[in-house]
Amino acid sequence: MARAGLTADRVVAAAADLADEVGFENVSLSALARGFGVKDASLYSHVRNLQDLRTRVAFLAGGELIDRIAVAVADRTGRKALGAFADAYRAYALEHPGRYAATQIRIDQSLIADSPALRRTAEITYGMLRAYGLEEPDLTDAVRLLRSTFHGFCALESSGGFGAPRDVQRSWERTVDALHVALTHWPREGQPR
């Protein structure tokens, strides 16, 4: 579709922008085609279907997110790295709600292995956590703790779920402090409880 200047990258970028505007769950091939001024069928030479489009948006957003995190954590360790990681994560989630939602979808495992962005995410996240002296299986458990804490906080914040008068930024800082304490005193696998 030369007249519209469509490429797969341009279609995915437009879908990511649309996700930020209307919500990831509301992105459709029809809405995207309307935005380009073409028929839905014109998009199928660039993406296979809606699931393919959503997966590509997830990879795009995941790459953007880890790029931001990588810059933030460079040359930092311990609490400073954790805080920089957390702040970059939160800023991205709040600035790009649709893209961020895309990073939360379940992706076919066969596609994950071929994703440089997801490999980089694992390297940076696990590298930061190794500075706390963690090894497997504790690393995986710590990643899950961070992801669920960051995601839960961001989801509640973006939906207006924090109604108490306490400053949200201060609560965020205390949450990161608590995570640092938990990681520093992580109960090792196999230790008695």
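Overview of the structure. Please read all numbers here as calculations on a predicted model, not as lab measurements.

Counting across every chain of the model gives 6 aromatic pairs. Between Tyr89 and Phe150, the aromatic rings sit 5.4 Å apart at their centres with planes inclined by 50°, giving tilted as the arrangement. You can see Tyr89 sitting in helix α4 (residues 78–95) and its partner Phe150 sitting in helix α8 (residues 138–158), a full 61 residues away along the chain. In this structure, Tyr89 and Phe150 share a single accessibility class: buried. Arranged with centres 4.9 Å apart and planes meeting at 65°, the rings of Phe153 and Trp172 form a pair that is edge-to-face. In this pair, Phe153 is assigned in helix α8 and Trp172 in helix α9 (residues 168–184), connecting sequence segments 19 residues apart. The class for Trp172 is buried, based on a relative accessible area of 0%. An aromatic cluster of at least three residues, connected via ring pairs, comprises Phe85, Tyr89, Tyr100, Phe150, Phe153, Phe162 and Trp172. Positioned over the ring face of Phe24 is Arg54, at 5.6 Å from the centre of the ring.

This part is about the environment of Thr175. On the secondary structure map, Thr175 appears in helix α9. Take Thr175: its relative accessible area is 22%, and that puts it in the partly exposed class. Taking the C-alpha atoms as reference points, Thr175 and Glu136, 39 residues apart in sequence, are found 24 Å from one another. Ignoring anything within four residues of it in the chain, the contact list for Thr175 reads Thr149 and Phe153. Polar contacts involving the side chain of Thr175 include one to the main-chain carbonyl oxygen of Ser171, which spans 2.8 Å.

Right, let's get into the layout of surface pockets. Quantified by volume, the largest pocket comes out at close to 920 Å³. Along the walls of the largest pocket sit 30 residues, with Thr103, Leu118, Thr121, Val143 and Arg147 positioned nearest its centre. Partitioned by chemical class, the residues of the lining of the largest pocket number 17 nonpolar, 9 polar and 4 charged.

Interhelical geometry of α4 versus helix α7 (residues 116–130) gives an angle of 145° and a closest axis separation of 9 Å. Between α4 and α7 the crossing geometry is left-handed. Note on element contacts: α7 touches α4 through Ile124, Thr125 and Met128, opposite Ala81, Leu82 and Phe85. Its residues assigned to classes, the contact of α4 with α7 comprises 5 nonpolar, 1 polar and no charged.

Within the largest apolar cluster, 34 residues are counted, with the highest numbers of intra-cluster contacts made by Ile69, Leu82, Leu129, Phe150 and Leu183. Within the residue set of this core, elements represented by two or more residues are α3 (50–73), α4, α7, α8 and α9. The dominant element in this core, judged by the number of residues it contributes, is α4, at 9 residues.

Reading the values: the criteria
Residues numbered from 1 in each chain as written. Predicted model: local features only at pLDDT ≥ 70, side-chain atom pairs only at ≥ 80, totals over all residues. Heavy atoms only, no water. Phe/Tyr/Trp six-rings, centres within 6.5 Å; stacked < 30°, edge-to-face > 60°. Helix = DSSP H or I, 4+ residues; strand = E, 2+ residues; numbered from the N terminus. Buried < 20%, exposed > 50% of the residue type's maximum accessible area, 1.4 Å probe, protein only. Lys NZ or Arg CZ within 6 Å of the ring centre and 35° of its normal. Contact = heavy atoms within 4.5 Å. Polar contact = N/O pair within 3.5 Å; in protein donor to acceptor, adjacent residues only side chain to side chain. 1 Å grid on protein atoms, 1.4 Å probe; cavity = no way out; pocket = protein on both sides within 12 Å on 5 of 7 lines; lining within 4 Å. Points joined across faces, edges and corners; volume = space filled by probe spheres on them. Nonpolar A, V, L, I, M, F, W, Y, C, P; charged D, E, K, R; others polar. Axes fitted to C-alpha atoms, helices over the stretch in contact; angles between N-to-C directions. Left-handed = near helix turned anticlockwise from the far one by under 90°. Core = buried A, V, L, I, M, F, W, Y, C linked by side-chain atoms within 4.5 Å.

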